[in-house]
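What follows is each chain in one-letter form.
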Amino acid sequence: MEKSYKRVMTIAGSDPSGGAGVQADIKTISALGCFATSAIVAVVDENTVGVTGVHPIPADFVVGQIHSILDDIGTDAVKIGMLHSSELIRAVRRTLDEYPSLHDIVLDPVMVATSGDPLLEADAVATLREVLIPRARVITPNIPEAELLLGSKIGSQDQLPDAARELARLGASVLLKAGHLAATETELVDIFYNVETGRMTRLAAPRVDTRNTHGTGCTLSSAFASQLALGKPLDEAAAAAKAYIAAAIAAGSSYRIGRGHGPVHHFHALWPALR
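These numbers come from a predicted model, not from an experiment.

Colleague: Could you give an account of the pairing of strand β4 (residues 51-56), with specific residues and numbers?
Modeller: Across 5 bridges, strand β3 (residues 42-46) lies against β4 in antiparallel orientation. Pairing of Asp-45 across the sheet is with Gly-53, part of β4. With antiparallel pairing between neighbouring strands as the criterion, β3 and β4 make up a hairpin whose turn holds 4 residues.

Colleague: Requested: an account of the sheet that holds strand β8 (residues 173-176), with residues and values cited.
Modeller: Strand order in the open sheet made by the 8 strands is β2-β1-β5-β6-β7-β8-β9-β10, with mixed pairing throughout. Lying at the two open borders of the sheet, with one neighbouring strand each, are β2 (35-40) and β10 (199-206). Across 4 bridges, strand β1 (residues 7-12) lies against strand β5 (residues 77-80) in parallel orientation. Within the sheet, the bridge partner assigned to Met-9 lies in β5 and is Val-78.

Colleague: Quick one: what's the story with the packing of helix α7 (residues 216-229) against helix α8 (residues 234-252), residue by residue and with numbers?
Modeller: Remark: α7 packs on α8, axes separated minimally by 8 Å, with the N-to-C direction vectors making an angle of 140 degrees. Between α7 and α8, the crossing angle belongs to the class labelled oblique. When the axes of α7 and α8 are compared, the crossing they make is right-handed. Along its contact with α7, which presents Thr-216, Thr-219, Leu-220, Ala-223, Phe-224, Gln-227 and Leu-228, the element α8 presents Leu-234, Ala-237, Ala-238, Ala-240, Ala-241, Lys-242, Tyr-244, Ile-245 and Ile-249. Here the residues of the contact of α7 with α8 sort into 12 nonpolar, 3 polar and 1 charged.

Colleague: Give a description of helix α5 (residues 143-150) that names residues and reports values.
Modeller: Those residues of α5 that sit buried are Ile-143, Glu-145, Ala-146, Glu-147 and Leu-149. On the buried face of α5, the contacting elements are α4 (124-132), α6 (160-168) and β8. Looking at where α5 begins, the residue whose side-chain oxygen comes 2.9 Å from the main-chain nitrogen of Glu-145 is Asn-142. Taken from the residues just after α5, Gly-151 is the one with a positive phi, measuring 75 degrees.

Rules and cut-offs
- Residues numbered from 1 in each chain as written.
- Predicted model: local features only at pLDDT ≥ 70, side-chain atom pairs only at ≥ 80, totals over all residues.
- Heavy atoms only, no water.
- Pairing = 2+ DSSP bridges.
- Helix = DSSP H or I, 4+ residues; strand = E, 2+ residues; numbered from the N terminus.
- Axes fitted to C-alpha atoms, helices over the stretch in contact; angles between N-to-C directions.
- Parallel < 35°, antiparallel > 145°, perpendicular 65-115°, else oblique.
- Left-handed = near helix turned anticlockwise from the far one by under 90°.
- Contact = heavy atoms within 4.5 Å.
- Nonpolar A, V, L, I, M, F, W, Y, C, P; charged D, E, K, R; others polar.
- Buried < 20%, exposed > 50% of the residue type's maximum accessible area, 1.4 Å probe, protein only.
- Polar contact = N/O pair within 3.5 Å; in protein donor to acceptor, adjacent residues only side chain to side chain.

Structural data, given as structure tokens:
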């Protein structure tokens, strides 16, 4: 009897330093037991210190990559990362609409790198909000991204549930990440709002004092997509993705790669000797 993989396609930019972008996505998807495919939207010149440049891939070539994967291999879930322009956002939306059975789409609304460098053209924020978020099942913004999408500030943990509900009005469930809040607590509590059931869930993990946070958003969203591909219900997938990134951050906290923000340990469960 032939076997089949659970498949996850990532649509995102590259990261030559290996900690974020498509490279982090492929590591995460593979670590969680799924088969990773990719459509590259931009070649990014970056390392752990910062982003030096972004070389966009033409939108029609991105569309071609998506068609090539979906018309041959197919996919069980999609993770979408950095889409730098309104043109590309609209092209990805049109292409995904050609595959109406694609339901499990996780969108990480990447706008700013960990280093603070902008990754999204200013006019594309509204396009992302109006065009692509309604096609996603889940979005995974951090605090600065949520503030851009909402047009208002989020200054405390108590504001996260209301912010998640407000974001969900855009058309998708919301995993709102708390990592950018002031580090005054020993616990980091993300909020997941399931728009399909109206259920709010607190996802807590110990706060780790580390500079190795490069690619955490990419990793979390890829983990969420992988858990959905594996067949987990929405709330369970959110909790499993949170557990994976928390463990990856903790396991990678004592390593030094590069001079800036290093990566998490994507293979912490598979490389026990290197924990």
